[in-house]
Amino acid sequence: MAEQYSIQAETLMKSAVEDYVEVIKVVQASNANMTLIKGVKITINGKPRRLVDVGDLRTGETENEHQVLVFNKDHIETLMEAINEAGFETKVDDQFINIDVPDPSYKQLMEVVEDLQRKKNSAIGRLTKAKSEATTRARAAVENEFIEQAIASQASKKCDVHYDTYSGEISEVTDGKIREILGEEFYKKFEEEQEMYG
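Below or above, wherever it landed, is the structure these notes cover.

### As for the overall build of the protein
- A count of helical and extended segments in the protein gives six helices and six strands.
- From first element to last, N terminus to C terminus, the protein shows the α and β order α-α-β-β-α-β-β-α-β-β-α-α.
- Whereas a compact globule of 198 residues would reach a radius of gyration of roughly 16 Å, the protein reaches 24 Å, over 25% beyond that.
- When its C-alpha atoms are laid out on the principal axes, the protein stretches across 75 × 40 × 25 Å.
- Restricting the contact set of the protein to residue pairs at least 6 apart, pairs at least 24 apart contribute 65%.
- Of the accessible surface of the protein, which amounts to about 12100 Å², a share of 48% is contributed by carbon and sulfur atoms.

### Notes on the nonpolar core
- Leu127, Ile181, Leu182 and Phe190 are the most contacted members of the largest nonpolar core, which totals 36 residues.
- Broken down by element, this core gets its largest block of residues, 14 residues, from helix 5 (residues 106-143).
- Those residues within four positions of leucine 127 in sequence are excluded, and the remaining contacts are Met13, Ala16, Tyr163, Tyr166, Ser167 and Ile170.
- With 19 residues, the next largest nonpolar core counts Ile44, Leu57, Val68 and Ile83 among its residues.

### A word on the packing of aromatic side chains
- Per the stated rule, a full pass over the model turns up two aromatic pairs.
- With 5.2 Å between their ring centres and 55° between their planes, tyrosine 106 and phenylalanine 186 make a pair best called tilted. Placement of tyrosine 106 in helix 5 and of phenylalanine 186 in helix 6 (residues 149-197) is noted, with a sequence separation of 80 residues between them.
- Among the residues examined, phenylalanine 186 registers a relative accessible area of 24% and is labelled partly exposed.

### Description of the side chain of lysine 120
- Residue placement: lysine 120 occurs in helix 5.
- Summary of buried charges: lysine 120 has no salt-bridge partner, and the nearest side chain of opposite charge, aspartate 175, is 8.2 Å away.
- Among residues more than four places away in sequence, those in contact with lysine 120 are Tyr20, Ile170, Ser171 and Thr174.

### Focus on the side chain of threonine 174
- Residue placement: threonine 174 occurs in helix 6.
- The class of threonine 174 is buried, set by a relative accessible area of 2%.
- Setting aside residues no more than four positions away along its own chain, threonine 174 makes contact with Tyr20, Leu116, Gln117 and Lys120.

### Description of the pattern of salt bridges
- Per the stated rule, a full pass over the model turns up 13 salt bridges.
- Ionic pairing is found between glutamate 22 and lysine 25, a salt bridge with its closest N-O pair at 2.9 Å.
- The exposure class assigned to glutamate 22 is partly exposed, which follows from its relative accessible area of 47%.
- A salt bridge links aspartate 160 to lysine 131, with the nearest nitrogen and oxygen atoms 3.0 Å apart. Note that aspartate 160 is positioned in helix 6 and lysine 131 in helix 5, a separation of 29 residues in sequence.
- The structure contains a network of salt bridges with shared partners spanning Asp115, Arg118 and Lys119.

### Looking at helix 5
- An ideal rise of 1.5 Å per residue puts 56 Å on 38 residues; helix 5 measures up with 54 Å between its terminal C-alpha atoms.
- In the stretch just after helix 5, glutamate 145 is the one whose phi turns positive, near 60°.

Criteria and cut-off values
Residues numbered from 1 in each chain as written. Predicted model: local features only at pLDDT ≥ 70, side-chain atom pairs only at ≥ 80, totals over all residues. Heavy atoms only, no water. Helix = DSSP H or I, 4+ residues; strand = E, 2+ residues; numbered from the N terminus. Rg over C-alpha atoms; globule rule 2.2 N^0.38 Å. Contact = heavy atoms within 4.5 Å. Areas by Shrake-Rupley, 256 points an atom, 1.4 Å probe, with all protein chains shown as cover. Core = buried A, V, L, I, M, F, W, Y, C linked by side-chain atoms within 4.5 Å. Buried < 20%, exposed > 50% of the residue type's maximum accessible area, 1.4 Å probe, protein only. Phe/Tyr/Trp six-rings, centres within 6.5 Å; stacked < 30°, edge-to-face > 60°. Lys, Arg positive; Asp, Glu negative; His and termini not counted. Salt bridge = Lys/Arg side-chain N within 4 Å of Asp/Glu carboxyl O. Expected span 1.5 Å × (residues − 1).

Have a look at this one:
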């Protein structure tokens with residue numbers, strides 16, 4: 001009978017990679033300016049409010065445009081002034097505030113990359129957990145004399161191979177996403193920094 005420990009670990013690892021690919025689809029270069037805009041605060045009836053409390057921030061039709069659907073039209077003027085003070089140009093279109101955003105700087109893009117790296121680390125953590133659980137269960141099975149040591153060793157080796165395979169996939173996907181976020185010019189700078197400090 002084939003051991004099931006590494007098979008379960010592989011299934012969990014495959015799932016972690018699939019989930020990671022889905023999660024990072026929303027990580028984009030346009031997120032850099034969105035973070036600045038989300039930080040805009042206004043005062044309504046003497047109480048400080050964040051932009052997300054008074055409107056729904058979305059990406060616009062282009063990468064250099066964001067849009068706020070303002071929940072209450074009475075807040076449009078105040079919100080526009082605060083967004084303009086943050087350094088963005090705005091136009092009102094009924095209940096929407098259209099915001100023209102510049103291309104993000106390298107520093108802003110690196111904040112997006114750092115967010116991506118955190119997501120990567122979380123996915124790698126899921127791989128580590130899947131590997132660890134399978135090998136721990138196999139060890140316990142040996143101690144309880146359910147399986148032979150050779151089968152536990154085989155399971156452990158297979159888990160190592162699966163971990164290397166799937167962590168490699170995650171790194172490859174992440175690298176592609178970083179290249180997409182930074183663009184070729186900034187990506188070269190990023191690679192140089194990685195070699196220098198990495």
